[in-house]
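# Tertiary structure, described
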Protein chains: 2
Amino acid sequence: MTRAGSTRTPLGDVSREHARRIFLAVSDPTRRGILDLLLVSESSVSDLVRPFRISQPAISQHLRILRQAGLVRVRRQGRERRYRLRGEQLRAVYDWVAHYERFWTEKLQALGAYLDEDVAGAAE
Amino acid sequence: MTRAGSTRTPLGDVSREHARRIFLAVSDPTRRGILDLLLVSESSVSDLVRPFRISQPAISQHLRILRQAGLVRVRRQGRERRYRLRGEQLRAVYDWVAHYERFWTEKLQALGAYLDEDVAGAAE
DNA sequence: TTGACACATAAGCGATTGCTTATATAAAGT
DNA sequence: ACTTTATATAAGCAATCGCTTATGTGTCAA
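Residues numbered from 1 in each chain as written. Chains lettered and ligands numbered in written order. Predicted model: local features only at pLDDT ≥ 70, side-chain atom pairs only at ≥ 80, totals over all residues. Heavy atoms only, no water.

Turning our eyes to something else, we now look at the overall build of chain A. Along the backbone of chain A there are 6 helices and 3 strands. Secondary structure elements in chain A, listed N-terminal to C-terminal, are α-α-β-α-α-β-β-α-α. A total of 124 residues make up chain A; the buried ones form 35% of that total. The contacts in chain A between residues at least 6 apart in sequence include a share of 50% that link residues at least 24 apart. Within the structure as shown, chain A displays about 7,500 Å² of accessible surface, and the carbon and sulfur contribution to it stands at 53%. (Helix = DSSP H or I, 4+ residues; strand = E, 2+ residues; numbered from the N terminus. Buried < 20%, exposed > 50% of the residue type's maximum accessible area, 1.4 Å probe, protein only. Contact = heavy atoms within 4.5 Å. Areas by Shrake-Rupley, 256 points an atom, 1.4 Å probe, with all protein chains shown as cover.)

Below you can see the structure in the form of structure tokens.
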């Protein structure tokens with residue numbers, strides 16, 4: 001049952017679920033690569049298969065995940081399917097990570113690098 | 001750096017691998033929750049266990065992943081281990097997603113919502 | 001030293017991931 | 001009507017994930 005979390009606000013869970021899908025979609029390097037390609041131009045599936053070393057079905061599966069996360073949109077054109085980016089959806093990621101912005105904009109980075117005790121875990 | 005290039009340079013693979021770990025670490029909602037807690041204050045493991053409904057070992061395992069991604073740092077203090085955020089590492093995520101910023105800052109959002117043919121996939 | 005705490009790690013397990021090959025569907029070309 | 005092209009879906013599989021319980025390890029307190 002994957003999650004052990006609290007099932008409190010139903011509406012909150014919906015958008016939280018949406019955020020979850022987006023973060024999950026974006027966690028895969030191939031899918032980020034696809035999004036980066038779509039940032040340049042709308043593309044057919046064949047266009048998207050070409051740059052990668054994996055099969056067409058694999059790309060189609062990635063595209064499905066991106067679709068379900070609302071990150072791309074498809075349009076039929078002849079026998080092709082042209083995928084276009086829906087970049088606005090990435091705002092969820094942006095908004096989250098922006099909370100951490102001060103860590104690289106302020107100078108308190110200088111405070112880092114002391115007491116770097118990553119114990120045992122480093123080797124693994 | 002981290003660009004969509006070929007899998008050639010070994011150094012490129014290292015940083016790409018690092019980026020991969022960071023995105024993967026951040027893809028889990030519990031781990032994002034942990035980071036959000038650490039944004040407020042340095043915390044012991046017990047502090048981090050309390051807000052969640054999962055076991056202490058589960059949290060420790062999440063912390064290991066965050067450690068390996070370089071997103072947190074540990075310090076021993078008596079019998080506690082105090083975790084502190086290393087927010088600068090999230091810059092990789094920020095830099096990536098910032099490429100998409102125009103999608104929600106510009107007005108060309110108005111162009112969206114026409115030809116919304118998400119076919120078949122919508123139901124699933 | 002013994003015990004209680006704070007935490008990490010190990011082992012095991014079901015669910016999910018990302019890939020593959022095989023097959024279905026749909027449009028276009030002949 | 002066949003064939004080719006473009007894509008999706010299905011089925012299967014090894015690897016990984018996120019959790020659990022059980023057990024280790026280090027620290028303080030008595």
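Time to look at helix H4 (residues 56–68) of chain B. Residues and elements named next belong to chain B. With 13 residues, H4 ought to run about 18 Å at 1.5 Å a step, and its terminal C-alpha atoms sit 18 Å apart, in line with that. Inspection of H4 places Ile59, His62, Leu63, Leu66 and Arg67 among the buried residues, and these make up the whole buried set. Buried residues in H4, looked at end-on, bunch into an arc of 145°, giving them a common side. Of the residues flanking the end of H4, it is glycine 70, one or two places downstream, whose phi is positive at about 75°. (Expected span 1.5 Å × (residues − 1). Arc of directions from axis to C-beta.)

For the rest of this paragraph, the subject is the protein's contact with DNA strand C. Residues in contact with DNA strand C amount to 27 residues; listed here are only the nearest, Ser55(A), His62(A), Ser46(B), Ser60(B) and Tyr83(B). Near the protein, within 4 Å, the atoms of DNA strand C are sugar or phosphate in 65% of cases. Interatomic distance of 2.4 Å between a side-chain N/O atom of Tyr83(B) and a phosphate oxygen of DNA strand C. At the level of elements, helix H4 (56–68) of chain A together with helix H3 (45–49), H4 and strand S3 (80–85) of chain B are the ones that each hand at least two residues to the surface near DNA strand C. If you tally residues by element for the surface near DNA strand C, the top one is H4(B), at 6 residues. Looking at side-chain class alone, the surface near DNA strand C contains 8 nonpolar, 10 polar and 9 charged residues. (Near = heavy atom within 4 Å. Polar contact = N/O pair within 3.5 Å; in protein donor to acceptor, adjacent residues only side chain to side chain. Nonpolar A, V, L, I, M, F, W, Y, C, P; charged D, E, K, R; others polar.)

Attention now goes to the packing of aromatic side chains. To describe a pair of aromatic rings, you give the distance between the ring centres and the angle between the ring planes. With the rule as written, the count across this model stands at 7 aromatic pairs over all chains. Between Phe23(A) and Trp96(A), the ring centres sit 5.7 Å apart and the planes meet at 90°, which makes this aromatic pair edge-to-face. Here the residue Phe23(A) occupies a position in helix H1 (residues 10–26), and Trp96(A) occupies one in helix H5 (residues 91–98), the gap between them amounting to 73 residues. The exposure class assigned to Phe23(A) is buried, which follows from its relative accessible area of 6%. Taking the relative accessible area as the measure of exposure, Trp96(A) reaches 10% and is therefore buried. Put simply, the rings of Tyr94(A), Trp104(A), Tyr94(B) and Trp104(B) touch in pairs and so form one group of aromatic residues. (Phe/Tyr/Trp six-rings, centres within 6.5 Å; stacked < 30°, edge-to-face > 60°.)

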